[in-house]
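# Working through the structure, step by step
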Amino acid sequence: MTALSRDDVAHLAHLARLAVTDEELDLFAGQLDVILSSVAHVADVAADDIPPTTHAVPLTNITRPDALGPCLHPDEVLAAAPAAQGGRFRVPRILNEPA
Amino acid sequence: MTASSSLTSGTAVEIAALIAAGEVSAVEVTQAHLDRIASDDGALHAFLRVDTDGALASAKAVDDQRAAGESLGPLAGVPLALKDVVVTRGLETTSGSKILVGWIPPYDATITARIKAAGIVILGKTNMDEFAMGSSTENSGFGPSHNPWDLDRIPGGSSGGSSAAVAGGLAPLGIGTDTGGSIRQPAAVTGLVGHKPTYGGVSRYGLIAFSSSLDQAGPFGRTVLDTALLHETIAGHDLSDSTSIPAPVPPVVAAARAGASGDLTGLRVGVVRELGGHGFADGYEPGVLTSVGEAVEVMAGLGAEIVEVSCPHFGYALAAYYLIAPSEASSNLARFDAVRYGLRVGDDGVRGLDEVMALTRQAGFGPEVKRRIMIGTYALSSGYYEAYYGQAQKVRTLISRDFAAAFGAADVLVSPSTPTVAFPLGARTDNPLAMYAADLCTLPASLAGTPAISVPSGLSDGLPVGLQIMAPALADDRCYRVAAAVESALDARRGHPLLHEIPIR
């Protein structure tokens, strides 16, 4: 497998929304490469005709009764938010123009 | 021994009997444990927070019920240490992460609700590796817990706060979660019993998700019977978890009681060659293999037939796990977006959401969480998905088929629970791969979704060793039956439970 470069790790950090530091980029580039190299041998298993597994007891089409039940109170939910305003979550701007 | 110390060293069954008989009140039991936490948790750091008022109120409710003549459940009034990955209404829950400091959940997890309904007293929330990623508690955002057998060693992880609390006399019962071994490995290295139920056997509703296809909550106890009683309390179908199995809870308590009689006649025990057997002993401490081998001989002495089984794909379990778990974690942890709960950093009115999110996650997550998120992001990215995540899911099938073949030749499978005794704090923190190896024996059952228990087999160099007993899906009761037989035979031979050999500080 090709080694993960420092730039690759910077790209992964961006995709994962992690503002990692330069020192972390150096550290993680080495560590992630070692970890990924050590797990790459899953590709050696001949498994072309093998179905994937996720659950010990396969379950399909899980439903529950369409009944009214209690729900969380908005005040209690918004109390846990880092910022709330007017009964809603307040978020930083999501478009590129200044606020 | 003072009355108070007997309350904090007894089993859950003994404590519940004292309360039910009126010989001691639930409030007195809870206070004895709160006192013990006050005196000892400075050294152990098992708890992230102690809910003194909530615990005393729950205990008083049990005492009031008893006074009113209401019937009590089998664990009513018994205190419990709850891993901080389990949400608790009104009680701060962080999953060991700084990103959730101050978060007060507005709801209870299903298992929290079931614990409360059983009259079990939640003493507080226990330390853990951040988001359950680790095998030592050293990845906690709040500092590590310490092993009561040797304070310079790890108590296991990720549920190491709960194992330190139960082994250290701070709580007779504990709840952990096990994604790749996080109940069984800490139980093994602290001399406790710990069980990972069949995936889907215990509701995941209200567990802060790490790897959704693997996460499973389960019990810690000082005895197999205590552990079974807690299992029965928390298990069972839950409509709030779509992966919950709609089937009766396996009869684990009856199995624990039956197993204690010590008869294993006719039981076929498969020793897994690939987990420390001949030709596969690299990385296993000789003292661990000796102790587990002695436990297998004890089983033979109880009438079990011992066979060797081979599970050739178990050698791929570590690789498959360290692709699947980070992949699912990278998706699950996307919820920490600085909007709905937890930390927000850099919201200065100028920066946009993307930047605030990245600064928040950078500040709130520790290095192991960042590593796993990035590995998962890589493994799920276009062009790599099939080679990594897709292939790892197929390896799960092959591991399940290995189990199915082995269960054709044996009723239960056994191995060490972890390759070594508790290692010193700091010994593996700079080497992620060495840390991951602590889960070598527990990963196959995690990937297959099958039940497995760790029960003490003895000591190696004065530190506990765990025997892992694995059973087919939904046959959790088999784990308990065999574990109880091993426990009662070893206790009889030793003259006392292993935990009584813990050094008194």
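Everything discussed here concerns the structure shown above.
Attention in this report is confined to the structure presented alongside it. (Residues numbered from 1 in each chain as written. Chains lettered and ligands numbered in written order. Predicted model: local features only at pLDDT ≥ 70, side-chain atom pairs only at ≥ 80, totals over all residues. Heavy atoms only, no water.)

### Let's talk about the overall build of chain B
Regarding its fold elements, chain B presents 17 helices and 11 strands. Its C-alpha radius of gyration of 21 Å places chain B within 12% of the 23 Å reference for a compact globule of 505 residues. Based on the C-alpha atoms only, the size of chain B along its principal axes is roughly 70 × 55 × 45 Å. Taken over 505 residues, chain B has a buried fraction of 64%. Considering only residue pairs separated by 6 or more positions, chain B has 75% of its internal contacts joining residues 24 or more positions apart. Just so you have it, chain B exposes about 15500 Å², and 54% of that area is on carbon and sulfur atoms. A distance of 4 Å separates the average location of the 35 positive side-chain charges in chain B from that of its 51 negative side-chain charges. (Helix = DSSP H or I, 4+ residues; strand = E, 2+ residues; numbered from the N terminus. Rg over C-alpha atoms; globule rule 2.2 N^0.38 Å. Buried < 20%, exposed > 50% of the residue type's maximum accessible area, 1.4 Å probe, protein only. Contact = heavy atoms within 4.5 Å. Areas by Shrake-Rupley, 256 points an atom, 1.4 Å probe, with all protein chains shown as cover. Lys, Arg positive; Asp, Glu negative; His and termini not counted. Charge placed at Lys NZ, Arg CZ, Asp CG, Glu CD.)

### Overview of the packing of helix α3 (residues 26-44) of chain B against helix α4 (residues 52-67) of chain B
Helix packing for two helices is described by the angle between their axes and how far apart those axes are. Residues and elements named next belong to chain B. Axis separation between α3 and α4 bottoms out at 7 Å; the angle between their running directions is 155 degrees. Classified by the angle their axes make, α3 and α4 are roughly antiparallel. Between α3 and α4 lies a crossing of right-handed hand. Each of Ala26, Val27, Thr30, Gln31 and Leu34 in α3 lies in contact with α4, whose residues at this interface are Thr52, Ala55, Leu56, Ala59, Lys60, Val62 and Asp63. (Axes fitted to C-alpha atoms, helices over the stretch in contact; angles between N-to-C directions. Parallel < 35°, antiparallel > 145°, perpendicular 65-115°, else oblique. Left-handed = near helix turned anticlockwise from the far one by under 90°.)

### Re the nonpolar core
If you look at the biggest cluster of nonpolar residues, it comprises 173 residues, and the most contacted ones within it are Phe131 and Met299 of chain B. Filtering out sequence-adjacent residues up to four positions away, Met299 of chain B remains in contact with Leu264, Val269, Ala304, Ile306, Val414, Leu467, Val482 and Val486 of chain B. (Core = buried A, V, L, I, M, F, W, Y, C linked by side-chain atoms within 4.5 Å.)

### Structural notes on the packing of aromatic side chains
Residue and element names in this part refer to chain B. For the coordinates displayed, the defined rule picks out 14 aromatic pairs over all chains. When the ring of Tyr385 is compared with that of Tyr389, the centres are 5.6 Å apart and the planes differ by 45 degrees; the resulting orientation is tilted. Judged by its relative accessible area of 36%, Tyr385 is partly exposed. Note on Tyr389: relative accessible area 11%, which makes it buried. Members of the aromatic cluster, each reached through a chain of ring pairs, are Trp103, Phe131, Phe336, Tyr341 and Phe365. Note that Arg428 overlies the ring of Phe423, its terminal NZ or CZ placed 4.0 Å from the centroid. (Phe/Tyr/Trp six-rings, centres within 6.5 Å; stacked < 30°, edge-to-face > 60°. Lys NZ or Arg CZ within 6 Å of the ring centre and 35° of its normal.)

### Here we look at the interface of chain A and chain B
The interface is formed by 55 residues belonging to chain A together with 69 residues belonging to chain B. At the boundary of chain A with chain B, total buried surface from both sides reaches about 5200 Å², with 69% on carbon and sulfur atoms. In this assembly, chain A and chain B are joined by 4 salt bridges. Close ionic contact of Lys370 of chain B with Glu24 of chain A constitutes a salt bridge, the shortest N to O distance being 2.8 Å. Across the contact surface, chain A and chain B share 22 residue pairs in polar contact (both at pLDDT 80 or more). (Buried area = accessible area lost by both parts, 1.4 Å probe. Salt bridge = Lys/Arg side-chain N within 4 Å of Asp/Glu carboxyl O. Polar contact = N/O pair within 3.5 Å; in protein donor to acceptor, adjacent residues only side chain to side chain.)

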